[in-house]
Amino acid sequence: MHEIPRDGVPDSTLSFARDGYLFITKRCTRLGTDLFRSRLMLQSTVCMRGEELAGLFYDNERFERAGVAPSRLQETLFGRGGVQGLDGNPHRCRKGMFLSLMSAERIAELAELSAAQWHRSAANWERRSQVVLFDEACESLCRAVCAWTGIPLVESEVRSRTDDFVAMIDAGAAIGPRHWCGRWARNRAERWIEGLVEDVRHHRLTVDEDCALNAISWHRDLSGELLDKRTAAVELINVVRPTVAVAWYIMFAAMALHQHPQCRERLLAAEAPYLDYFVEEVRRFYPFFPVVAARTRREFESKGYRFPKGERVLLDLYGTNHDPRLWDEPHTFMPERFRQWKRSPFSFIPQGGGEYLDGHRCPGEWITVELMKVAVVFISTSIRYSVPQQDLRMSLSRIPAMPPSRFVIGNVQI
Ligand code: HEM
């Protein structure tokens, strides 16, 4: 039995901030290992990467999520009391509610709403010399997902509500003003959505039966109780916020089309599975969430190492998606690689791995892929545009990654 190797410094919190997405990979490479122990934010933490250890990380007998998310993430990205921090049967019950919203028909409806929204926005772009694609994508997705979930969105509030969802995503790993903007944004959004949940419960607002606002307002947990209004708001925001987050991938897809013009040609040639491969490669290649966190339930031994009870463990999503043992030339953008991909639940994990219902894998993966496809088809076939000179370099220490220009396009023609 081996001791888990240590990274050899008293505290690595600042190094994590500096190395960002590469923090775990750099240390694994230096130590010749797939896991090591570090000290992060005053806590001993085991960091691990790769397909085999991802399989271990998603073993519910050994790992749990309760109390793992640091308070600064709960106050911004996640909210308190949401599905991310549940385990066992309470998790299964809540997760079932999310998965019930994800039927093929409902996802197709969201895709249609989003396509219509893109066309509506573009009509307006023709009158402007330039537009920031990321900002447009956020607003367009926010309008579509609010309509889909049953959330009434007042026209004069569209921009500020959209900005609040973006701020929550942008704040999780940030310090200073970016972090505080995310906290204030969450408080505003929770108050707003709590009011809507109450309106539905008191029949002051009538919504479609199968929309998320209705399902979440009337969801009962294992004890048979309705969710308290704050938790209901947190869960509804857990649908809207990450749908707005798909704007990051849409911006990355547009960057990929710009930087790899041969991909655009293949998309235009309408080679059927190529669109699927392209979207998957965007999710693999570009950085979004760097890690996910869990805690050991009990002491155990695995892969020749002893894991103590109560230890925090981080799984490297970005590093696993760029692991050269799983992906040839991992830092090259190559959609065709997905032709050969073996569909392991633990090798391609931009939105987590393992099981949907019994694990914490993202229930929004199908939505993400569909909304990306709608946007890629729209960008590559419905409009013509130029890409002005701009700074598209992305720092891997900024989480989530973002090019300074947020991808500007100009001279848009429909
Ligand atoms: C969980 C990424 C879109 C809802 C997660 C996790 C990741 C992730 C990394 C954590 C997995 C884990 O803990 O093991 C993303 C990315 C997205 C996206 C990168 C697109 C940009 C969506 C969408 C929705 C959604 C569109 C809903 C409509 C959720 C929920 C969870 C989750 C509710 C918590 C699941 C649980 O704890 O059981 N996502 N997601 N996500 N995602 Fe997504």
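The shown structure was predicted, so the numbers you read here are calculated from the model rather than taken from an experiment.

K.L.:
Lay out the site of the ligand in plain terms, naming residues and giving numbers.
P.N.:
The local shell around the ligand holds 29 residues, among which Tyr58, Arg65, His91, His360 and Cys362 are the closest. Between lysine 95 and the ligand, the recorded distance is 2.9 Å, taken from a side-chain N or O atom to an oxygen atom. Elements supplying a minimum of two residues to the shell around the ligand: helix H5 (88-100), helix H11 (229-259) and helix H15 (365-382). Ranked by residue count, the leading element in the shell around the ligand is H11, at 7 residues. Its residues assigned to classes, the shell around the ligand shows 17 nonpolar, 10 polar and 2 charged.

K.L.:
Before we move on, can you summarise the UniProt feature "binding site: heme" (unreviewed entry) in the protein with the specific residues and values?
P.N.:
Those places that UniProt annotates as "binding site: heme" (unreviewed entry) correspond, in this numbering, to Cys362. By the element assignment, cysteine 362 lies in the loop between helix H14 (317-321) and H15. Leave out the neighbours within four places in its chain, and cysteine 362 touches Gln351 and Tyr356.

K.L.:
An account of the sheet that holds strand E3 (residues 63-64) is requested, with residue identities and associated values reported.
P.N.:
Across the sheet, 5 strands lie side by side as E1-E2-E8-E5-E3; this open sheet has mixed pairing. With one partner strand each, in any of the chains shown, strand E1 (35-40) and E3 form the two edges of the open sheet. With 2 bridges joining them, E3 and strand E5 (residues 291-296) adopt antiparallel strand pairing. When the sheet's bridge partners are listed, glutamate 64 is paired in E5 with arginine 295.

K.L.:
Tell me about the sheet that holds strand E9 (residues 384-386), and please be specific about residues and values.
P.N.:
Spatial strand order, E4-E10-E9: 3 strands in an open sheet with antiparallel pairing. With one partner strand each, in any of the chains shown, strand E4 (130-132) and E9 form the two edges of the open sheet. For this sheet, the mean inter-axis angle between neighbouring strands, taken without regard to orientation, is 45°. In terms of strand pairing, E9 meets strand E10 (residues 408-413) through 2 bridges, oriented antiparallel. Directly across from serine 386, in E10, lies its bridge partner glycine 410. Against the sheet, helix H7 (residues 133-149) contacts E4 and E10, and its axis sits at roughly 60° relative to E4.

K.L.:
Requested: an account of the side chain of lysine 373, with residues and values cited.
P.N.:
Tracing the chain through its elements places lysine 373 in helix H15. What makes lysine 373 buried here is its relative accessible area of 17%. If near-sequence neighbours (up to four positions away) are discounted, lysine 373 is found in contact with Leu275, Asp276 and Val279.

Thresholds applied
- Residues numbered from 1 in each chain as written.
- Predicted model: local features only at pLDDT ≥ 70, side-chain atom pairs only at ≥ 80, totals over all residues.
- Heavy atoms only, no water.
- Near = heavy atom within 4 Å.
- Polar contact = N/O pair within 3.5 Å; in protein donor to acceptor, adjacent residues only side chain to side chain.
- Helix = DSSP H or I, 4+ residues; strand = E, 2+ residues; numbered from the N terminus.
- Nonpolar A, V, L, I, M, F, W, Y, C, P; charged D, E, K, R; others polar.
- UniProt positions renumbered as here; feature names shortened; annotations may be inferred.
- Contact = heavy atoms within 4.5 Å.
- Pairing = 2+ DSSP bridges.
- Axes fitted to C-alpha atoms, helices over the stretch in contact; angles between N-to-C directions.
- Buried < 20%, exposed > 50% of the residue type's maximum accessible area, 1.4 Å probe, protein only.

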